[in-house]
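# Reading the structure
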Amino acid sequence: MRQMSFAPRLRLSSEEREEIAAPLTFVDLFCGCGGLSLGFMQAGFQPVFGVDMDDAATDTYVRNIGCPVWCGRIEDFVVELETGRLELPRVGVVIGGPPCQGFSPLGKMSAGKQRTQKHERMNELWRHFVRVVELLGPQVLVTENVPEFLRSDEFGRYRTSVERLGYIVQAAVLRAEEYGVPQKRRRAFTIGSRSVPPAMPLPTDEHVTVRDAISHLSAEPDGHNWHVGRNPTEKSLERYRCIPPGGNRFDLMRERPDITPKCWLRKKTGTTDVFGRLEWDGLACTIRTEFFKPEKGRYLHPEEHRP
């Protein structure tokens, strides 16, 4: 599988680069299983430490990224740094993706009162990111989130906090498909630099399709490279067969209303990618939670009757 990088391109002089560190080093907060770290490593940066509270994600991070990880709440990690019980070497960059659920439209749609209150607390976790930046004093910081973050009150407070620490801030929404990724995905990136105005990476000329990304895989899942399948019911298979390349739930509603879920029959508009089928020469939609379920998005194979 082709590997891509979203690491920022910063216009730094040779003296400024030496001041950061050699090789360039970084700490990844809210690191998950290491996607953002992988991009920075591909761009020549060296990981020093990761922080996340998900056990499975941090296990994956250690195995693939190969540096120590704090598995626990970032609040506790900050206390360890403040008290000196945990010492980290000087790093050139602090990166991270603070939780996005409270800013994401999809997260808001599915949130009840209790979950909304949880999201509100999560929305403020960027404050701990800024505190780590203050404690470690990197030359550069980078955060990633959903586009809605840039329009939120929290972003205004985040930007002000970072600028007070002496960083020049640049923020923009980048489209993954403009950087060689076979998926429509928009993400908000914020770069802060102590010395020179940071520049967002320019789009590349590489355009990758679904065919480029997965056509080399066997038609039937063979277990290699995490190519695993599911066991759909016969009714599900009947539904899959109704969906042409580029089609969606509306094709099912038109062709076979008798096997269409009643909730879809009642909903005449919206959710145009639900139960959708990919096209070989097109792009995948944004991959979301439970992407292995066709009823969650455009996740049917271009030809095979399976997710």
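As a reminder, the structure under discussion sits directly above these lines.
Below: a short report on this structure.

Conventions used here
Residues numbered from 1 in each chain as written. Predicted model: local features only at pLDDT ≥ 70, side-chain atom pairs only at ≥ 80, totals over all residues. Heavy atoms only, no water. Helix = DSSP H or I, 4+ residues; strand = E, 2+ residues; numbered from the N terminus. Contact = heavy atoms within 4.5 Å. Pairing = 2+ DSSP bridges. Axes fitted to C-alpha atoms, helices over the stretch in contact; angles between N-to-C directions. Polar contact = N/O pair within 3.5 Å; in protein donor to acceptor, adjacent residues only side chain to side chain. Buried < 20%, exposed > 50% of the residue type's maximum accessible area, 1.4 Å probe, protein only. Arc of directions from axis to C-beta. Core = buried A, V, L, I, M, F, W, Y, C linked by side-chain atoms within 4.5 Å. Salt bridge = Lys/Arg side-chain N within 4 Å of Asp/Glu carboxyl O.

### A short note on the side chain of Asp273
Tracing the backbone through its elements, the reader meets Asp273 in the segment after helix H12 (262-266). Ignoring anything within four residues of it in the chain, the contact list for Asp273 reads Cys285, Arg288, Gly297 and Arg298.

### Focus on the sheet that holds strand S5 (residues 140-145)
Taken together, seven strands build an open sheet; the order of strands is S3-S2-S1-S4-S5-S7-S6 and the sheet is mixed. Two strands in the sheet have a free side with no partner beyond their single neighbour: strand S3 (69-71) and strand S6 (168-175). If you compare each strand with its neighbour and ignore which way they point, the axes differ by 15° on average. In terms of strand pairing, strand S1 (residues 25-29) meets strand S2 (residues 46-52) through five bridges, oriented parallel. Note on S2: the bridge partner recorded for Phe26 is Pro47. Contacting S1, S2 and S3, helix H3 (residues 55-65) crosses the sheet at an angle of about 170° to S2.

### Description of the side chain of Asn145
By the secondary structure assignment, Asn145 is in strand S5. Looking at Asn145, its side chain comes within polar contact range of the main-chain oxygen of Pro98, at 3.1 Å.

### Considering helix H10 (residues 234-241)
Taken together, the buried positions of H10 are Ser236, Leu237, Arg239 and Tyr240. Take H10 and look down its axis: the buried residues cluster within an arc of 160°, on one side only. Turning to H10, the residues buried within the fold contact helix H11 (249-255).

### As for the nonpolar core
In terms of nonpolar packing, the biggest core is built from 28 residues, with Val27, Leu29, Phe49, Ile74, Phe77, Phe129 and Tyr158 touching the most fellow members. When residues of this core are traced back to their parent elements, those giving at least two are S1, S2, helix H4 (74-83), helix H7 (126-136) and helix H8 (153-164). If we skip the residues at most four places from it in the chain, Phe49 touches Phe26, Val27, Asp28, Tyr61, Cys67, Pro68, Val69, Trp70, Phe77, Leu86 and Leu88. By size, the runner-up hydrophobic cluster in this structure holds 19 residues, among which are Cys31, Leu36, Leu174 and Tyr179.

### Details of the pattern of salt bridges
For side chains of opposite charge, pairing can occur when their charged atoms come near one another. The full count for this structure, using the stated rule, is 18 salt bridges. Residues Asp273 and Arg288 are paired through a salt bridge, measuring 3.5 Å at the closest nitrogen-oxygen approach. Pair noted here: Asp273 is in the segment after H12 and Arg288 is in the segment after H12, with a separation of 15 residues, a long-range link. Beyond isolated ion pairs, a larger network of salt bridges with shared partners links Arg73, Glu75 and Asp76.

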